[in-house]
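# Fold and geometry: a report
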Amino acid sequence: MQKSTLRIVGNKVVLNIRERMCETADELLASEKFRKILDHSIKHLEDIGSPLLDIFENGKVDEESVTSLVKTLTLLFKYEGSVVPHIFDKSSVFLRDTHLLSGFVEYLYDYWRHFDRFIINDSEGDRLDKRPYRTFNETIEHLTHLIRTVYRHVQENITGNHPTVYRQVPAGAEMAVISLPFEITWPDPKYQFLNSIPVTRQILIYPPLVIHQPMNKRTGDFRLIQQNPIDLIKLDPEDWLCYPAKVGKLVIMIYFHITFLELGLSMCNLFQVAEDEDLAKKPDAVFIYGAPPETFDSISKYSTVFHHDKANNLFVGAIPGRLEFGYFGYLKKMVLTLHNSIIMQSGNLPFHGAMVKILLKGRKEATILMIGDTGAGKSETLEAFRVLGEKEIRELRIIADDMGSIELDNDGNPVGFGTEIGAFLRLDDLQPGYAYGHLDRSIIMNPSQVNARIVIPATNFATIIKGHKIDYILYANNYEEIDADHPVIEKFDNVDWALDVFREGAVMSKGTTTSTGLVHSYFANIFGPPEYRELHEKIAKRFFESFFSKNIFVGQMRTRLGILGHETSGPLEAAKELLTIIGSKAEGL
């Protein structure tokens, strides 16, 4: 990348830096970055025929007049408006109508802030990632303070008025990242070109961060193909970043195009960043998000694909860089598809579900795994547990919010692991006020649209990879009403019955994908198992037989999340019933 560049990509401003950032108002206003934003904003005013252009003489804008405007603003940072024309005579044209100039400065400030703003530091010479974290933070925060200070001083010197209320709005970068070249040890030279793409080492975020994704739904499946996309993909390193994600026990190198920068960096709320010692080993998988679309024309009729490079024991996922794939669900679910495929190759059982360890009052506890497709009520039931927490629960430990895996220990007991440290949740399905209580950590996506989402931290990495013995395994049934023959929680009494229900994977679609009505997916998990159905069947049968032989409670929980009017009450009632069962079972031990 160049020493310092500012790029405008859609509604994003991306500042790449290898040198120190502006430290004074003079440096800021004299910078090519400021000039680029100023030119861009003036072009917008010209396109709409704005009267704000009347700050220029006869409304005429050319390079010379814009240069004079920059010098005028630089002087206005230091001096009152009445003084500036005596220092620089060409400033008088801009100051002839101070109300109009004030409106222009206000517009310019808002125009800058309307962008999603990112800073990427890829300096090897001054390794900020090896210095105290506060050095990086203070550098970014200084830019915010500088921009805000310049705006305020200029406005006060134009109007002669001092505000009585100061709003500390974010004025610098909303996200900043240190990304550096890293020599990954690849098993095959054909992967070596990926080492030219900087790898994320540290991220700074100013939540709540509101992101407007190009899409608000995911559609289609992730298909296994025989051709390795790596053989065909060519990338320009200047347009890419890598997020090295720890996905459960695995390390997946996620490379994303600048078009999807805000989505790629949002993974900081979902997956742990891999550390240097993790990167010293061969990765488990590679994911190219935003690949050149023409790459896929010759290898698959599907766009969201993955490949098993058996010779190198490596999985490769790829999604083209078209706006129709600009939804965080594509990013998250391909990562989890790769995870699930690797888990099955190791002979273990992946699951699409939520796992939680509940510590009740009276020293009772249980680890619960709720399996179900998107919108089945898994996360919503976890939220219901939180609502009930004050009265009955000592502690609630999230092990998996959406995906994980099960292994059998040396004694044949099922042990569960998670994949994510965060949660990607539908705002509509959360308890009233819950999202507002987590704004200080959240990334909010498409808040004004159907299927608005929030990405928030939910647990810690040590918890998801510790390994927890499972006590309850429940299928999340969101479509059936409750009656005498269909209790809130129903226990299965044999392996075949359980396998039939889990294999059927029925769910009432909640509109999170393009599917509607009652749909079915193999083991409620289209993310890998259908592509390895024969292998998955053998694994599932072995594991379910173990569940029953170890007296694990296996059944289904009717959350009724897909039934109109029960979106909140259904998961809450299911949570209450489960707590009752756990309490009574613990007392009988």
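Higher on the page you've got the structure.
Quick summary incoming for the structure in this document. (Residues numbered from 1 in each chain as written. Predicted model: local features only at pLDDT ≥ 70, side-chain atom pairs only at ≥ 80, totals over all residues. Heavy atoms only, no water.)

### Thoughts on helix α14 (residues 533-549)
Over its 17 residues, α14 extends 24 Å from the first C-alpha to the last, a length consistent with the 24 Å expected when each residue adds 1.5 Å. All buried positions along α14 are accounted for by His536, Ile539, Ala540, Phe543, Phe544, Ser546, Phe547 and Phe548. Remark: Asn551 follows α14 within two positions and exhibits a positive phi of approximately 60°. (Helix = DSSP H or I, 4+ residues; strand = E, 2+ residues; numbered from the N terminus. Expected span 1.5 Å × (residues − 1). Buried < 20%, exposed > 50% of the residue type's maximum accessible area, 1.4 Å probe, protein only.)

### Observations regarding the pattern of salt bridges
Once their charged atoms are close, side chains differing in charge can pair, the charge on each being opposite to the other. If you walk through the whole model with that rule in mind, you get 25 salt bridges. Where Arg113 meets Asp110, a salt bridge forms, and the shortest distance between an N and an O atom there is 3.7 Å. Taken together, the positions of Arg113 and Asp110, both in helix α6 (residues 98-114) and three residues apart, correspond to about one turn of that helix. The partly exposed category is assigned to Arg113, whose relative accessible area is 28%. The shortest N-O distance in the salt bridge between Arg503 and Asp500 comes to 3.2 Å. One end of the pair, Arg503, and the other, Asp500, are both in helix α13 (residues 495-504), three residues apart, so they sit about a helical turn from each other. Salt bridges linked by common partners bring Lys332, Lys333, Asp402 and Glu420 together as one network. (Salt bridge = Lys/Arg side-chain N within 4 Å of Asp/Glu carboxyl O.)

### Considerations on empty space enclosed by the protein
For the structure shown, the criterion picks out five cavities of 30 Å³ or more. Lining the second largest cavity are Leu349, Pro350, Phe351, His352, Ile371, Phe502, Phe523, Asn525, Pro529, His536 and Phe544. At the level of elements, β14 (349-360) and α14 are the ones that each hand at least two residues to the lining of the second largest cavity. (1 Å grid on protein atoms, 1.4 Å probe; cavity = no way out; pocket = protein on both sides within 12 Å on 5 of 7 lines; lining within 4 Å. Points joined across faces, edges and corners; volume = space filled by probe spheres on them.)

### Observations regarding the layout of surface pockets
Here the second largest pocket defines a volume of roughly 370 Å³. Along the wall of the second largest pocket there are 17 residues; nearest its centre are Glu106, Tyr151, Arg152, Pro163 and Val165. Elements with a minimum of two residues in the lining of the second largest pocket: α6 and α7 (133-159). No other element matches α7, which puts six residues into the lining of the second largest pocket. In terms of residue class, the lining of the second largest pocket is made up of six nonpolar, five polar and six charged. (Nonpolar A, V, L, I, M, F, W, Y, C, P; charged D, E, K, R; others polar.)

### Some words on unusual backbone geometry
For the bond from Pro207 to Pro208, the omega torsion is -5°, close enough to zero to count as cis. Counting through the fold element by element, Pro208 comes out in the loop between β5 (199-205) and β6 (209-211). At Asn451, a position not held by glycine, the phi torsion is positive, near 70°. By the element assignment, Asn451 lies in the loop between β20 (443-445) and β21 (453-457). Overall, the relative accessible area of 2% leaves Asn451 in the buried class. The phi angle at Ala524 is positive, at roughly 50°, despite the residue not being glycine. Within the secondary structure, Ala524 is located in the loop between β26 (518-520) and α14.

### Side note on the packing of helix α2 (residues 32-48) against α6
Orientation of α2 relative to α6, taken along the N-to-C sense of each, is 110°, at an axis distance of 10 Å. In this view, α2 runs roughly perpendicular relative to α6, as classed from their interaxial angle. From α2, Phe34, Ile37, Leu38, His40, Ser41, Ile42, His44 and Leu45 reach across to α6, where they touch Phe104, Tyr107, Leu108, Tyr111 and Trp112. (Axes fitted to C-alpha atoms, helices over the stretch in contact; angles between N-to-C directions. Parallel < 35°, antiparallel > 145°, perpendicular 65-115°, else oblique. Contact = heavy atoms within 4.5 Å.)

### Points about α2
With 17 residues, α2 extends 25 Å between its outermost C-alpha atoms, agreeing within 8% with the 24 Å of an ideal straight helix rising 1.5 Å per residue. Taken as a whole, α2 has its buried residues at Lys33, Phe34, Ile37, Leu38, Ser41, Ile42 and Leu45. Looking down the long axis of α2, one finds its buried residues gathered within 165° of arc, a one-sided arrangement. Opposite the packed face of α2, turned more than 90 degrees from it, sit the exposed residues Glu32 and Asp47. (Arc of directions from axis to C-beta.)

### Thoughts on the packing of aromatic side chains
A full pass over the atoms with the stated rule returns 23 aromatic pairs. Look at Phe287 and Tyr289: their rings are 5.8 Å apart centre to centre, the planes differ by 45°, and that puts the pair in the tilted class. Grouping residues by exposure puts Phe287 and Tyr289 together as buried. Among the aromatic residues, those joined into a cluster by ring pairs are Tyr475, Phe492, Trp497, Phe502, Tyr522, Phe523, Phe543, Phe544 and Phe547. The ring of Phe417 has Lys249 lying over it, and the distance from NZ or CZ to the ring centre is 4.1 Å. (Phe/Tyr/Trp six-rings, centres within 6.5 Å; stacked < 30°, edge-to-face > 60°. Lys NZ or Arg CZ within 6 Å of the ring centre and 35° of its normal.)

### What about the side chain of Asp309?
With respect to the helices and strands, Asp309 occurs in strand β12 (residues 305-309). In this structure Asp309 is buried but unpaired, with Lys190 as the nearest side chain of opposite charge at 4.2 Å. If we skip the residues at most four places from it in the chain, Asp309 touches Lys190, Tyr191, Asn228 and Leu314. (Lys, Arg positive; Asp, Glu negative; His and termini not counted.)

### Examining the state of the cysteines
In total, this model carries zero disulfides according to the counting rule given. Left without a disulfide partner, Cys242 is nearest to the cysteine sulfur of Cys268, which lies 14 Å away. (Disulfide = S-S within 2.5 Å.)

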